[in-house]
Amino acid sequence: MSNTASLPLPRRADINPAPLGISILLILLGTWYLAQNVGAKLAALYVVGALLGLSLYHAAFGFTSAWRVFIADGRGAGLRAQMLMLAVGVALFFPALSNGTLFGNPVTGLVSPAGTSVVVGAFIFGIGMQLGGGCASGTLYTVGGGSTRMIVTLIAFIVGSLIGTAHMPFWSSLPQLKPVSMVTSLGLVPALALNWVVFALIAAVTVVVEKRRHGRLVASQLRPVAGSRWLNGPWPLVAGALALVLLNFATLALAGRPWGVTSAFALWGAKAAAAVGIDTASWAFWSTKANAAALAAPVTHDVTSVMDVGIVLGAMLAAALAGRYAPVWRLPLRSFIAAVAGGLMLGYGARLAYGCNIGAYFSGIVSGSLHGWLWLVAAFAGNVFGTRLRPLFGLEVERLKLGGC
């Protein structure tokens, strides 16, 4: 989800007051505006987004970096944290989804078809993760944290998402299974047991690989420094995993469905294209009832858009508290090209695969969707390929130095 540059570094002596003040002001103003003009639930989801951004940044909770260091160097702490997140997630989500309600409100999972488009899209997305330097949530939180390279990735992400909506009728016509929910198909208890077994097996594989490569489990190189660890970071990976799953559960309770990210990018691209005279409303993808309504409504009424903005501002707040908000505006040409190529693949792949590392992988699996598991396999394969491509663009591939901790 993030590249090495986005991982927390030792904190500077002081906070960054200007970005701190701006982020707090925009979070407060946005919450007030949404509460007054749209609704209390959307205002609450904006705050949830901000908390997600803060958690992602302080825990440096990576999908992209976690997969890359496992592929390149056999270190599996990040993958084990993901398995913990998913294990707790299904324990929370499956009973609510089986019941159909949560705190008296109807809820539904993100369950999508599993087939050709998911395999192709997730594989493309996986390559894009490594070239672009992040995934969906990773792009947002690193932009909020001051990464100028990721602004390039985000813009290309939006363009790729828009192109994906134009081509979606073709991809959705290819062979695929109907949406399959393991909670519905297997029942609550068998679905929970099966998922927990698979999570445990994946975690066990990372332990075996890591011990074979390094002779032991490698301790995190991130250490707390002066100040409050919880306020300034970095957080332990376990804390980040638990924070993300609890905030996703809060999203389910408030929005009636789990956390998603990339549908907003497609919406922003479609609105921008319409503003310059492209008739996106006539495209098949944007002609469906739900998508047409989203395209016609103000962006402030879109749950995913509101949460995405909250993530950016929450990460900005976290970076400022940690004294690490310091954008660097120089970007090497090869890195720029990789960011553009990676962003386009991220956006296009996410549309084809019915989601990204959040909507398809995290929220898909905790929804019991079969397509979430298919996404994981195809995206991991794409990450393997993308990791091998990184040196061609002057991008680092992390390896543990001998004698390192």
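To be clear, the structure that these remarks concern was listed above.
Attention in this report is confined to the structure presented alongside it. (Residues numbered from 1 in each chain as written. Predicted model: local features only at pLDDT ≥ 70, side-chain atom pairs only at ≥ 80, totals over all residues. Heavy atoms only, no water.)

So, the nonpolar core
Definition in use: Nine residue types can take part in a nonpolar core, namely buried Ala, Val, Leu, Ile, Met, Phe, Trp, Tyr and Cys, and a core is a set of them joined through side-chain atoms within 4.5 Å. Note on classification: 1.4 Å probe, protein chains only; a residue is buried when its accessible area is under 20% of the maximum for its type, exposed when over 50%, partly exposed between these limits. We call two residues contacting when some pair of their heavy atoms lies within 4.5 Å.
Counting 90 residues, the largest nonpolar core has Phe-61, Trp-67, Phe-125, Trp-259, Tyr-361, Phe-362 and Trp-375 as the members making the most contacts within it. Dropping the residues within four chain positions of it, Trp-259 is found in contact with Leu-52, Leu-56, Leu-110, Ser-137, Asn-248, Thr-251, Met-307, Ile-311, Ile-358, Gly-359, Phe-362 and Ser-363. Grouped together as the second largest cluster of nonpolar side chains are nine residues, Met-168, Leu-267, Ala-273 and Phe-285 included.

Some remarks on the environment of Tyr-354
Rules: For the purposes of this entry, the term helix denotes a DSSP run of H or I that reaches at least four residues, the term strand denotes a run of E that reaches at least two, and both are numbered from the N terminus. Throughout this description, a polar contact denotes any pair of N or O atoms lying within 3.5 Å of each other; where both atoms belong to protein, one of them has to be capable of donating a hydrogen while the other can accept it, and for residues adjacent in sequence the pair is counted only when both atoms sit in side chains.
Within the secondary structure layout, Tyr-354 lies in the loop between helix H15 (333-352) and helix H16 (357-366). Residue Tyr-354 is classed as partly exposed on the basis of its relative accessible area, which comes to 22%. In this structure Tyr-354 touches Ser-112, Pro-113, Ser-117, Val-118, Met-168, Ser-172, Gln-176, Ala-360 and His-371, once residues within four positions along its chain are discounted. A polar side-chain atom of Tyr-354 sits 3.3 Å from a polar atom in the side chain of Gln-176.

Some thoughts on unusual backbone geometry
Phi angles above zero are rare outside glycine, and Ala-60 is one such case at about 45°. Here Ala-60 is to be found in the loop between helix H2 (40-59) and helix H3 (64-73). The residue Phe-103 is not glycine, and still its phi comes out positive at about 55°. Mapped onto the elements, Phe-103 comes out in the loop between strand E1 (101-102) and strand E2 (105-106). With relative accessibility at 68%, the residue Phe-103 sits in the exposed group.

Comments concerning the pattern of salt bridges
Inclusion rule: Definition used for salt bridges: Asp or Glu carboxyl oxygen within 4 Å of a side-chain nitrogen of Lys or Arg.
All chains considered together, the criterion is met by three salt bridges. The partner of Arg-75 in a salt bridge is Asp-73, and the shortest N-O contact between them spans 2.9 Å. According to the relative accessible area criterion, Arg-75 is buried, its value standing at 16%. Residue classification places Asp-73 among the buried positions, given a relative accessible area of 5%. For Asp-73, the salt bridge goes to Arg-213, with nearest N and O atoms at 4.0 Å. A residue pair is termed long-range when its members are at least 10 positions apart, and Asp-73 in helix H3 and Arg-213 in helix H9 (residues 188-214) qualify at 140 residues. Residues participating in the shared-partner salt-bridge network are Asp-73, Arg-75 and Arg-213.

A look at the packing of aromatic side chains
Formally: The pairing test for Phe, Tyr and Trp rings, Trp by its six-membered ring, is centres within 6.5 Å, and the orientation test on the planes gives stacked under 30 degrees, edge-to-face over 60, and tilted for anything in between.
Taken as a whole, this structure holds 17 aromatic pairs when the rule is applied. Judged by centre distance (5.8 Å) and plane angle (10°), the ring pair of Tyr-361 and Trp-375 falls under stacked. With Tyr-361 in helix H16 and Trp-375 in helix H17 (residues 370-389), the pair connects residues that are 14 residues apart, well separated along the chain. Summarising the burial analysis for this pair, Tyr-361 and Trp-375 share the class buried. These aromatic residues form a ring-pair network of at least three members: Phe-61, Phe-63, Trp-67, Phe-125, Phe-157, Phe-265, Trp-268, Tyr-361, Trp-375 and Phe-380.

Things to note about the packing of H16 against H17
Here is the rule: To get an axis, fit a line to the C-alpha atoms, keeping to the stretch in contact for a helix; angles then go from 0 to 180 degrees between the N-to-C directions. Any angle that falls under 35 degrees is termed roughly parallel, while one over 145 is termed roughly antiparallel, one within 65 to 115 roughly perpendicular, and all others oblique. Two helices crossing with the near one rotated counterclockwise from the far one by less than a right angle form a left-handed crossing, whereas a clockwise rotation gives a right-handed crossing. Residues are grouped as follows: Ala, Val, Leu, Ile, Met, Phe, Trp, Tyr, Cys and Pro are nonpolar; Asp, Glu, Lys and Arg are charged; all remaining types, including Gly, are polar.
Where H16 meets H17, the axes come as close as 8 Å, and the angle between the chain directions of the two elements is 125°. Accordingly, the angle class assigned to the pair H16 and H17 is oblique. Helix-helix and strand crossings are classified by hand; for H16 and H17 the assignment is left-handed. Facing H16, whose interface residues are Asn-357, Ala-360, Tyr-361, Gly-364 and Ile-365, H17 presents His-371, Gly-372, Trp-373, Trp-375 and Leu-376. In the contact of H16 with H17, the residues fall into six nonpolar, four polar and no charged.

A short note on H3
Among the 10 residues of H3, nine are classified as buried, and the element is accordingly described as predominantly covered. Inspection of H3 places Thr-64, Ser-65, Ala-66, Trp-67, Arg-68, Val-69, Phe-70, Ala-72 and Asp-73 among the buried residues, and these make up the whole buried set. On its buried face, H3 sits against helix H4 (77-99), helix H5 (116-132), H9, H16 and H17. Of the residues flanking the end of H3, it is Gly-74, one or two places downstream, whose phi is positive at about 75°.

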